[in-house]
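Geometric and topological summary
In case you want the letters, here they are:
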Amino acid sequence: GENVEQHPSTLSVQEGDSAVIKCTYSDSASNYFPWYKQELGKRPQLIIDIRSNVGEKKDQRIAVTLNKTAKHFSLHITETQPEDSAVYFCAANYGGSQGNLIFGKGTKLSVKP
Amino acid sequence: DVKVTQSSRYLVKRTGEKVFLECVQDMDHENMFWYRQDPGLGLRLIYFSYDVKMKEKGDIPEGYSVSREKKERFSLILESASTNQTSMYLCATLGEVEQYFGPGTRLTVT
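Residues numbered from 1 in each chain as written. Chains lettered and ligands numbered in written order. Predicted model: local features only at pLDDT ≥ 70, side-chain atom pairs only at ≥ 80, totals over all residues. Heavy atoms only, no water.

So, about the overall build of chain A. Summing up its helical and strand segments, chain A has zero helices and eleven strands in all. Taken from N to C terminus, the helices and strands of chain A fall in the order β-β-β-β-β-β-β-β-β-β-β. Taking 113 residues into account, the globule formula puts the C-alpha radius of gyration at 13 Å, and chain A, at 13 Å, falls close to it. In terms of overall dimensions, chain A has a C-alpha envelope of 40 × 25 × 20 Å along the principal axes. (Helix = DSSP H or I, 4+ residues; strand = E, 2+ residues; numbered from the N terminus. Rg over C-alpha atoms; globule rule 2.2 N^0.38 Å.)

In structure tokens form, the structure reads like this:
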């Protein structure tokens, strides 16, 4: 079946450093790649997404890059802050349907003050 | 604001019991989803529904069934709960682009 691999599973950085989380996907038809942030005890929430017709998207300190040829996409957080500490999930749609998502297993990001 | 609610935040049931988890949304979204979330495994899709009375199996449907009698309500049913169904269950709806999640139900089966 279709699959999304996410690395690393845990990431610890100092406040102010950058953090990068990488994902690969298997479905060539995937064209929508969202990233969700889940703080402890809360529901996942969309923080940024990218479609296959662009290679990069940026929103303040967060950016996502996509390499369709290699089937991988990455989340970049710059100038990390303690409130960035959370579990981050990447996802890719499959079967040509935007709504059907396969999620990565998550990355627990810890930002140390 | 999209609102997705789930009937319980915490639930404790015994092995063999029938369990109902309810999800209600107020945005008239057609697509609704049930996931379970386990440490190290991420979010795995159990079932989804794209319309009233329509349902599709996700990646891990075994041991579960669903019901969608009304557009706003999507129920997950554990016919005979087992200890390996102890997990966090998340409901979600699909807007134009984004999936909106409910707060989750932490189910413990003893």
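Broken down by element type, chain B carries zero helices and eleven strands. Secondary structure elements of chain B occur, N-terminal to C-terminal, as β-β-β-β-β-β-β-β-β-β-β. Taking 110 residues into account, the globule formula puts the C-alpha radius of gyration at 13 Å, and chain B, at 13 Å, falls close to it. In terms of overall dimensions, chain B has a C-alpha envelope of 40 × 25 × 25 Å along the principal axes. Buried residues in chain B amount to 48% of all 110 residues. A sequence separation of at least 24 residues applies to 54% of the contacts in chain B between residues at least 6 apart. In the form shown here, chain B has an accessible surface area of approximately 5,400 Å², with 48% of it arising from carbon and sulfur atoms. Positive and negative side-chain charges in chain B, numbering 15 and 16 respectively, have mean positions lying 8 Å apart. (Buried < 20%, exposed > 50% of the residue type's maximum accessible area, 1.4 Å probe, protein only. Contact = heavy atoms within 4.5 Å. Areas by Shrake-Rupley, 256 points an atom, 1.4 Å probe, with all protein chains shown as cover. Lys, Arg positive; Asp, Glu negative; His and termini not counted. Charge placed at Lys NZ, Arg CZ, Asp CG, Glu CD.)

Moving on, we come to the interface of chain A and chain B. Taken together, the contact pairs 18 residues of chain A with 20 residues of chain B. Between chain A and chain B, roughly 1,600 Å² of surface is buried when both sides are summed, and carbon and sulfur atoms account for 52% of that area. On the chain A side of the contact with chain B, A:Arg43, A:Phe103 and A:Lys105 bury the most area, a combined 32% of that side's loss. Our count for the chain A to chain B interface comes out at five residue pairs in polar contact (both at pLDDT 80 or more). Counting only elements with at least two residues in the side of chain A that touches chain B, the list comes to β4 (32–38), β5 (45–51), β9 (86–94) and β10 (97–103) of chain A. If one sorts the elements of the side of chain A that touches chain B by residue count, β10(A) sits on top with five residues. (Buried area = accessible area lost by both parts, 1.4 Å probe. Polar contact = N/O pair within 3.5 Å; in protein donor to acceptor, adjacent residues only side chain to side chain.)

This part takes up the sheet that holds strand β7 (residues 64–70) of chain B. Residues and elements named next belong to chain B. Within the open sheet, the four strands sit side by side as β1-β3-β8-β7. Their pairing is antiparallel. Edge positions in the open sheet fall to β1 (4–6) and β7, since each of these has one partner strand only. Across this sheet, the average inter-strand angle for adjacent strands is 20°, counted without regard to direction. Taken together, the five bridges between β7 and strand β8 (residues 73–78) define a ladder with antiparallel strand orientation. By the bridge assignment, Lys70 is partnered in β8 with Arg73. (Pairing = 2+ DSSP bridges. Axes fitted to C-alpha atoms, helices over the stretch in contact; angles between N-to-C directions.)

All names here are of chain B. By the element assignment, Lys53 lies in the loop between β5 (42–51) and β6 (54–57). Between the C-alpha atoms of Lys53 and Thr105, which are 52 residues apart in sequence, the distance is 23 Å. Excluding residues that lie within four positions of it along the chain, Lys53 makes contacts with Arg68 and Glu69. Within the structure, Lys53 has its side chain in polar contact with the side chain of Glu69 (distance 2.5 Å).

The next point concerns the state of the cysteines. Covalently bonding the sulfur atom of one cysteine to the sulfur atom of another cysteine gives a disulfide. Scanning the model with the defined rule gives two disulfides over all chains in all. Each sulfur of the disulfide joining A:Cys23 and A:Cys90 lies 2.0 Å from the other. Between A:Cys23 and A:Cys90, the S-S dihedral sits near -100°, and the bridge is therefore left-handed. With A:Cys23 in strand β3 (residues 19–25) and A:Cys90 in strand β9, this pair connects stretches of sequence that are 67 residues apart. Each disulfide pairs two cysteine sulfurs, and for B:Cys23 the partner residue is B:Cys91, the sulfurs being separated by 1.8 Å. Across the S-S bond of B:Cys23 and B:Cys91 the torsion is about -70°, and the bridge reads as left-handed. (Disulfide = S-S within 2.5 Å.)

Here we take up the packing of aromatic side chains. Scanning all chains against the criterion turns up twelve aromatic pairs over all chains. Note on A:Phe33 and A:Phe73: the rings are 4.9 Å apart at their centroids and 50° apart in plane angle, and the pair reads as tilted. Taken as a pair, A:Phe33 in strand β4 and A:Phe73 in strand β8 (residues 72–77) lie far apart in primary sequence, 40 residues in all. Classification of A:Phe33 as buried rests on a relative accessible area of 0%. Aromatic side chains A:Tyr36 and B:Phe101 sit 5.5 Å apart centroid to centroid with 85° between the ring planes, which places their arrangement in the edge-to-face category. Taken as a pair, A:Tyr36 in strand β4 and B:Phe101 in strand β10 (residues 99–101) lie in two separate chains rather than in one. Here A:Tyr36 and B:Phe101 have matching classes, each one buried. (Phe/Tyr/Trp six-rings, centres within 6.5 Å; stacked < 30°, edge-to-face > 60°.)

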